[in-house]
Every structure is written in C-alpha cells, then in structure tokens.
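# A structural walkthrough
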Amino acid sequence: MLKITIDGHTTEVEEGTTILEAARKIGGEIVPPTMCYYSKLKGSGGKCRTCLVKVSKGSENDPRPMPKLVASCSTPVQDGMEVQNITSPEVLETRKAIVEFLLINHPLDCPVCDQAGECDLQDLSYAHGVDTSRFEEQKREFDVIDIGANIKLHMNRCILCYRCVYTVNQITNGRIHGVLYRGDASEISTFIQNAIENDFSGNVIDVCPVGALTDKTFRFKNRVWFLKTMDIHRNCPTCAGRAVAWMNGNEIYRVTGRKDEFGEVEEFICNECRFAKKDVNDWIIEGPRKIKRTSIISVNHYEKLKQGAIINPVDKKIEKPSEI
Amino acid sequence: MSHENKIDHKLHEVTAGEVRFSDETLVRVQAIIARYPVGKQKSALLPILHIAQEELGGHLSADVMNYVASILKIQPIEVYEVATFYTQYYLDKVGKYVVEVCRTGPCAMCGGEDIADYLERKLAIKTDETTPDGLFTIRRVECLGACGYAPVMQINTEFHEFLTKEKIDKIINDLRAKAHEDKPKDAKWVEKFF
Amino acid sequence: MGRKILLDKIHIPDIQTFKVYKDNGGYASVEKALKKMTSAEVIEEVKKSGLRGRGGAGFPTGMKWSFLDTKSSNPRYLVCNADESEPGTFKDRYLIDNIPHLLIEGLIVSSYALGANTTFIYVRGEFKQQIGILNRAIREAHENGFLGKNILGTSYSLDIHVQAGGGAYICGEETALLESLEGKRGNPRLKPPFPAVKGLYGCPTVVNNVETLAAVVPIINLGGDEYAKIGIGRSTGTKLISACGHINKPGVYEIEMGITVEEFLNSEEYCGGVRNNKNIKALIPGGSSVPILPAHLITTTAANTPRLMSYESLSEGGFATGSMLGSGGFIVFDEDACIVRNTWNFSRFYHHESCGQCSPCREGTGWLEKILHRIEHGTGKLSDIDLLDSVAKKIEGNTICPLGDAAAWPVSSAIRHFRHEFEFHVQNADIVKDIKHGSLSKYLKKNFSLNSIY
C-alpha cells in the first residue's frame, strides 16, 4: 500500500491508484473536480485540466516537488507523496483559468439548456469561475443536429471531453461518431449522415458533462429541479434495469442511469429503459433517490454559501446550508 | 484559420459507388500493411490514405475512406477522424495541381504573403478555390520546413523555392503547358514514395 | 573553418548513393559497433559523448536510452522523428537530401544499441521527396547486407521502414508521433507512462530526432570521449543550425557548439550578416517556439559576456533576458521587421496546429491569435496587451504537451521585449492597419526614442 497526503488528509491506496481516486477515497471538499475523467471509461481523463493539482513532494524516495501542476486523474500515487489541491493558491488560480478557457467559446445559454441544474460546467463555473468575461470575440458556432432518433447534439456547448466517444467504444459495438477535425474547430460528428442507433447509445447523454448531448424525449419538458427523483427498476432483457425516474406527480418525465456521488453512472442502462418506458406502471419504484450534488436539483432551492467557502462541485460539502 | 466564428463542416455523402485500387496498388498496400505487427494494421492508415488520395480521384471522398476502412478492417469513423485531423488529406475535390504556399513567419517576412496574393491574382481565384479548368487549387499552408529558401511553395510533390513573381509566372505557365501529362516525374534520387 | 563531422562529406558527388558513401568511409560505425562492441558499450559511448537531443528539448540522449525498459518481454522500437515542422527549422530535411545514408547508418547503430529489430522513420507528409530518398537509401543498404537478417554475418537483424505523416506539426511531439504511427489522430499521450516504458504498440520505445541519430555515427567512429571534446561545457559536439530570415546567406550550417552568435551571424562562413546592410532588430535562436531576443541581448548576454551558440549560453538569463537553443532554427529580423505581425503569425500557426485535445491549448491558442489579430489590424486596445500576457501565462505549463508552452513563449517574450511596438499598433490604428511585414520602422523611429537601441 502507498501512503499519500492530500491537503493534509492521509490515506493508503493500492499501487497504480491515481491521485484523484485517492482523493475520492478521502472524500469531501479536497476531491478535485473533473470534466473529462470518468472512472468507468478506460482511457478517459487528462484532457480538461480541471483536476490539476500540485505535487509538493514527489515520494518518500524522491521528495522533490513536481515542476508543473499535474492532472490528478492520470498521475499515479507514489509512496509518501504529498499533494495540494484546495490548499494551493496556484491550483485554485489555474482552475479559474481553466474555467475561463472552457467558457470562452461556450454559449452560456443555460436559460434554454436542458442540462441547467445538473451541469458540471455550471457547477464548476459557480465554484471557480468569475462573473465577467474577458473574451470579446464572437464565439464559435455550430448547427444543432440530431445524432440519432432520441439524441440532440449542441456542439456549441461541447467541451470535447471525449467521454461519449469512449462510451460507445467501450459499451457498444460499432462506433459511428467521433471527434473530427482539430484544434478549436474539433467537433463531435458522424462525418456522413448517420444516426447513433444502438441499444446503449443513450448513455452518451448521461456521461456528457454539459448540455451537448441531451435527451430529445425530455427536451424542454421540464426543469430538472422541479422533478422528484426516484430509484426504479424493471425486469429488462437488455440491461440491469436499474435506473432513476425524474417525476412530477405520477408522471415520469425522463429516465436516467443512477449516478454516484461523483456524478458517474453506477450502471449503464439501455435505450428501451431510457427512452421508451415512461409509464409509471413499467417500473417498480423503490423510493426517493438522494442526488448528492451541489446543484440546486437535490434540494430544490438555492443555498447560501458561506463567505469564502470552497465547494466541491462533485461532492457537495457546504457547511450549514441555510435557505435564502 | 479564418476569423469567421461559424464552423460549417458539412456532412459528406456516401454514394456507394464502386471504388477499388488497381491490382498493382493492392500489392503495394499489402506490403505496407505487412510492415506492422499482426493486429496493428491500422498503422498503415496514413500511408494508404496518401495512396488512395493519389490514385482514387485526388481527394478522399467518403466512399474512398470507407473502402480504406474495409481494407484495414477498421470502422469508417476511425478513418474520418484521421483524415480530418491532418492537413494533407483533401476532403473535397481539388485541382490537378494543389499549390500550397507557405504563410508562416520566416516565409511571410520574406514576401510569402505577397507571393500568395500574386498567385490569387494570376489564377483569378481565392485561396481554397480551384480554377474553372480544374488545374489549380491554391492553399495557404503553415510551415513547409524550407525556411532558408523562403518564400516557398509546394505543388503536389515538388517544392519551389526563393519565389518571385517571375518564377511564379514561369512555374504556372509550364504546368499549364504540360497539364495533359501525368503528375511530375520522380526526381533524381527518388524512389516510390510510400 | 569549423570542424564538421556530420556534413563533412556532402560536397562529394553522388554521396547520396550507397557506393560512394561506403567508399568514403561510410558505414564504418556499423562494422565497428556490430562486430566489436556490445550494445551496452555503444550506449556507454553515447553517454560519454554528452550528446543531447537535437530536436529541441536537449535531453541527454544516453540517459534517454538508458530509461528503455529492458526487462519487458515485448519487442523494443526505435523511432526516428523526421517530422520536422518547427518554423525556422529545416536541417533534417537538408541532412536527408544531402547525405541520407548517414541517417541510415546512425539508425542501424542506434537500433543495435537499443535492441530494436524494427525501426520506423516518421517523416512529415509534405516531405515526399525525402521519403523517396530514404526509401532508396534503405533499399541500397538492404542490398548490401547492412539491413535485413543477420547484418554483416552477425546475429543482429533489423528492418527500417519509412512512415509518412499526414501534415500536423503536433506529430513532432514524441507521443503524438507514436499515436500517428499507430494510424490515429496526433493527440499527445498523457505521461507517465513514458515511451521508454510504453511507447509504440505499448512496447518500450525510444524516439529520437534525425540529427541526434546521425550524430551517433561520429560518436562511434571517434569514441564518446573524443566527441565530447568538441563543443563547450555540456553542449558537446556539433549542431546543425538552420539559418533564415533577413540574412545574406540563409541555409543549414554545421557549427561547433560554443562559437559566438556574433561570428555565426556576421561571418562569411555562416550567415554573412544581415542583408541589405541593415541592422538587426531581433533574433529567434531556436525555432519559433523559443523566446525572441532583442538586439542588445543577441551577441551579448545581460551580464555583458559574449553570447555563444550553446544550450547554456543561449538560455543564460532565463526567459527574462535569454532564450533557448531549441531545434537550432535561427531566425533573424532586420530593423524593419514588424514584431507584432510576426507574433500574430506565429500565434496563428500554433492555433492552427493545436490538436484540440486539452482545453488550455485548444481555447487559449485561438484566443491569443484573435487578440493579436485585433492589435495587428488596428482594432486593439492597450488593455489587450496585458490580456495577451495573462492568457499566455495561463496556457503555459498547464497543457498535456509542450505545444501550449510553445504557443505562449513567443507571445510573452515579444511583449517583454517589444511592448512599445504593441503599444504603437494600438495607438496608431490608422497607420498599422495597412502595414504588413517590414515597413514599420520609419514610423517607429519617429515615435519612439527606444528605437535607438536597434
């Protein structure tokens, strides 16, 4: 076992564990936020640079600090390593810069975006962003397109995390979409007129950290924070059939996978469960599901932040939330 | 890259038309694939795309890319991803001679921008356009790695260096005169490219 | 005349052919290494030589080789990086054009040292002529028993393949190159693991620049200790410098490391001075990515010692008053050059070449270009200059690969040394909007006393 200390919290992890996974093991506000890393998707991570942390001591054997900030999601723990996340002003300053970069071409159309309220970028900006933009140029624009009968692609909102690409690569056979072109002209596309039709393709919606991929069956139907979340299951021939229903009264507005405290789905669900089973009689309701997030959906009201509090956008840790 | 904020990557069409390398080329292609370990045949993608572009119409249509995917036993999207990443693969029809003028620093400071402007005037087309006779396409490209001989341009496989307006006139006129011939002959030390 | 050990034979007619090359002492290092030395001994000579990577980073080659995971049961690969794309650099192309067998010879010895039986030369896709030249050289070496099975009757076998790139600067980064070689987009990989442990196809791999591998030949012929005597301090050996821009004699020159910048710039043996009898305004000594130096820091350092052509001397003073040797792309700007336009030009280059994988580079390079475009075209504000500097600093050090740094450094250094030109552009929109390269000086001289330093 390897010993690692993150912001003063020490834990032991197995060899090969990343700094981020070690931080998640410790839990709380010292967990770096992630926009591209997804523990269930092999090869994901390293791209968004949101989880950069400072390694102030490399290891017991080689205590030199690492010269640059490192991506915690892809840097393996060394024995005796010491890491600073929220205790490093440099890390927080850099995170602010990353938010700025992610937002310069983002349309900031939260008021008309279905992801609002459960958007990782929204949470990240709330925690680490600033309220003005230094970007004066026009933002880049793509057309909104359908990539499959039930999936809408708003490329303008995409932050190129590659999660949807890894998802179809790893849980479906036959990927037909990918990241095309390069630089800031990169886009998620099928290149030719094509539809992502596969029993599990809908999971790209769940893994998308922003509102780039949204569920057409739920589009503009309701705001997520007005809905009640219920754990549900059914006997599904294709997937495990364990999901979450987003309900108002007895009506199911949408079905998603069950997400853990870090916003990752516990199990991928099939398209039949997601898009076609909207009747409450299709499901067995287990009971209310607690959505552990900073976002307003879990409480249906805004929380007043303590002055200077640092919230972790993945795992909500705010002391004594008080109502406005 | 332009300053237009609208990014309009059109969706390309598949016509399901018959595309096929000649038997001779297929032998070359198999020889390239054989360079790599078993199961790593995707490594042959970049060289084979060059060959496909040269032999199957001068650009990479979706049909051509699907054909290449079938040869390498990979998904078509894997070919699209690669072809759209690199600048040397043309996704749309280009002229017989693709005139690529370097626009990066060392060339630009030695008159490269004027050369490109002059070419546009001479051929009466803008950058990224093709002359109506289908002979010339102008592209402004980034550093061609010949900065000491600036300004430079590349036409298909040939580099042209220390360009002046007079040289451009001669090069373009010569190409027009021999446009009915095949592509430029191999230079002295040059074997087959791929 | 400076000592030449790489380009010493290029004046010989038909040296590009195997026969002439061999008749003039070529391939001696292969005979020596394969027949008389163990692979460990070859690595030891390279270590002793002090050879440092000639692609730009200057990392000690022998040390890089010694990182190769030799315990792995997987095959090992040597990959030659001939994806020469750094603006201002054209030495590898020159070497391949003029003496291709030197590279093949270096590759055989290096592959032997590393225990690689398959070696790839990744050549940038634009260099089709050079791909042809290398293919011919490889075929000749094969026919003469220097490649293939049981080279020179030893138990060592090697195949070399030339791989064409597709046109992407980023593939000069070693892990992007490996991705590209595997038939993928040139997205740099996350490190660790480093290629020495997990490189091509997940196998231990060394990636070296063309010039680095060519330099292995004189190292084996002379011996590492003898090679280390050439040059100065930790900058051993000779270096190919690609000289371009506003000079009388642009071209590729082999220099002994440690000659003065003054000599390289002004002597008839090398650049022959700034052309048209003009004064020098600025120098980029190591390819477009390294910081630009203003006139007063070119031939002397801030400490008023002569600036030398070496890794250490060119970086003396750090980024405040120094630069880097980089890949040896020596770009000279005369007194009329417009630094703002050139900075914008380079920013456009990095914007165009960003792979788009990580957010600071994808978004930041485009932002830099847009701000610079504004300033250059007469619609900038004074606050834009600080904005530029701030954006550059936020990219630097936070990206997956060094392209982010390469995009940030030219901008930061141009502002550091030529802020007055940026300010001039902002304050004289009506003048600058029609000015392109090389006609700014007459205005600058009128407006800025600072200009006297040129």
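In this text the structure is predicted, and so the values were computed from the model without any measurement.

### Thoughts on the overall build of chain C
When helices and strands are tallied, chain C shows 19 helices and eleven strands. Here chain C has a C-alpha radius of gyration of 23 Å; the compact-globule value for 454 residues is 22 Å, and the two agree. Projected onto the principal axes, the alpha-carbon positions of chain C cover approximately 75 × 45 × 35 Å. Of all 454 residues assigned to chain C, the portion counted as buried reaches 63%.

### Description of the pairing of strand β13 (residues 251–256) of chain A
Residue and element names in this part refer to chain A. Sheet topology places strand β12 (residues 242–248) next to β13; five bridges connect them, and they run antiparallel. Bridge assignment links V244 to a residue of β13, and that residue is T256. Hairpin geometry of β12 and β13 is characterised by an intervening segment of two residues between the two adjacent antiparallel strands and by a positive phi of about 65° at G249.

### A word on the nonpolar core
V79(C), C80(C) and V109(C) are the most contacted members of the largest nonpolar core, which has 255 residues in total. A per-element tally of this core places helix α17 (residues 403–427) of chain C first, with ten residues. The next biggest cluster of nonpolar side chains, apart from the first, holds 15 residues, and it includes V244(A), M247(A), C270(A) and W283(A).

### Overview of the interface of chain B and chain C
Contact with chain B, which involves 44 residues of that partner, is made by 58 residues of chain C. When contributions to the side of chain B that touches chain C are tallied by element, the ones reaching two or more residues are α2 (45–55), α4 (76–85) and α5 (105–108) of chain B. A breakdown of the residues in the side of chain B that touches chain C according to their chemical character gives 24 nonpolar, eleven polar and nine charged.

### Some remarks on the pairing of strand β5 (residues 81–84) of chain A
All names here are of chain A. Side-chain alternation along β5 places M81 and V83 on one buried face and E82 and Q84 on a second face that is also buried. One ladder, built from three bridges, connects strand β1 (residues 2–6) with β5; its direction is parallel. Bridging from a neighbouring strand, T5 pairs with E82 of β5. When strand β3 (residues 52–57) meets β5, the two strands line up antiparallel, connected through three bridges. From the neighbouring strand, K54 faces β5, where its bridge partner is Q84.

### Section: the interface of chain B and chain A
On the side of chain A, 20 residues touch chain B, which itself brings 15 residues to the contact. Considering each element in turn, the side of chain B that touches chain A owes the most residues, five residues, to α4(B).

### A word on helix α7 (residues 128–143) of chain C
Residue and element names in this part refer to chain C. Between its first and last C-alpha atoms α7 spans 23 Å; for 16 residues at 1.5 Å apiece the expected length is 22 Å, and the two agree. Of all 16 residues in α7, 13 are buried; the element is thus mostly enclosed. Following α7 by one or two positions, G145 has its phi on the positive side, about 80°.

### Some points on the domain arrangement of chain A
Residues and elements named next belong to chain A. Taken domain by domain, chain A comprises domain 1 (2–96) and domain 2 (110–288). Domain 1 and domain 2 are separated by 27 Å when their C-alpha centres are compared. Between domain 1 and domain 2, the residue contacts involve 16 residues of the former and 17 residues of the latter. Split into classes, the residues belonging to the side of domain 1 that touches domain 2 amount to six nonpolar, four polar and six charged.

### Let's talk about helix α4 (residues 163–171) of chain A
Among the residues of α4(A), R163(A), C164(A), V165(A), Y166(A), T167(A) and V168(A) are the ones counted as buried. Summarising the contacts, the buried residues of α4(A) are in contact with β8 (178–180), β9 (187–189), α5 (203–207) and β10 (213–215) of chain A.

### Description of the sheet that holds β10(A)
All names here are of chain A. The antiparallel open sheet is built from three strands, whose spatial order is β6-β7-β10. Taken across any chain shown, the strands that pair with only one partner, and hence form the sheet edges, are β6 (144–146) and β10. Each neighbouring strand pair of the sheet contributes to a mean axis angle of 30°, computed without reference to strand direction. Where β6 meets strand β7 (residues 151–154), three bridges bridge the pair, whose relative direction is antiparallel. Looking at β7, one finds that V144 is bridged to H154.

### Observations concerning the domain arrangement of chain C
All names here are of chain C. Per the domain assignment, the segments of chain C are domain 1 (18–229), domain 2 (240–330) and domain 3 (339–453). On the domain 3 side, the residues contacting the ten residues of domain 2 number eleven residues. For the side of domain 2 that touches domain 3, the per-class residue count stands at seven nonpolar, three polar and no charged.

### Description of the environment of Y77(C)
Residue and element names in this part refer to chain C. Relative to the assigned elements, Y77 resides in strand β1 (residues 76–82). A residue is classified by how many C-beta atoms lie within 10 Å of it, and Y77, with 25 of them, is buried. Along the chain, Y77 and T119 lie 42 residues apart, while their C-alpha atoms are 5.9 Å from each other. If we ignore the near neighbours within four places in the chain, the residues touching Y77 are A116, T118, T119, G199, L200, C203 and T205.

### Let's talk about unusual backbone geometry
Following A150(B), the chain continues into P151(B) via a peptide bond in cis, with omega recorded as -10°. Counting through the fold element by element, P151(B) comes out in the loop between β2 (136–141) and β3 (153–155). Here P192(C) and P193(C) are connected by a cis peptide whose omega angle stands at 0°. Here the phi dihedral of F191(A) falls at roughly 65°; this positive angle occurs in a residue that is not glycine. In this fold, F191(A) is placed in the loop between β9 and α5.

Calculation criteria
Residues numbered from 1 in each chain as written. Chains lettered and ligands numbered in written order. Predicted model: local features only at pLDDT ≥ 70, side-chain atom pairs only at ≥ 80, totals over all residues. Helix = DSSP H or I, 4+ residues; strand = E, 2+ residues; numbered from the N terminus. Rg over C-alpha atoms; globule rule 2.2 N^0.38 Å. Buried ≥ 20, exposed ≤ 12 C-beta atoms within 10 Å, placed from the backbone. Pairing = 2+ DSSP bridges. Core = buried A, V, L, I, M, F, W, Y, C linked by C-beta atoms within 7 Å. Contact = placed C-beta atoms within 7 Å. Nonpolar A, V, L, I, M, F, W, Y, C, P; charged D, E, K, R; others polar. Expected span 1.5 Å × (residues − 1). Domains from an automatic or database assignment. Axes fitted to C-alpha atoms, helices over the stretch in contact; angles between N-to-C directions.

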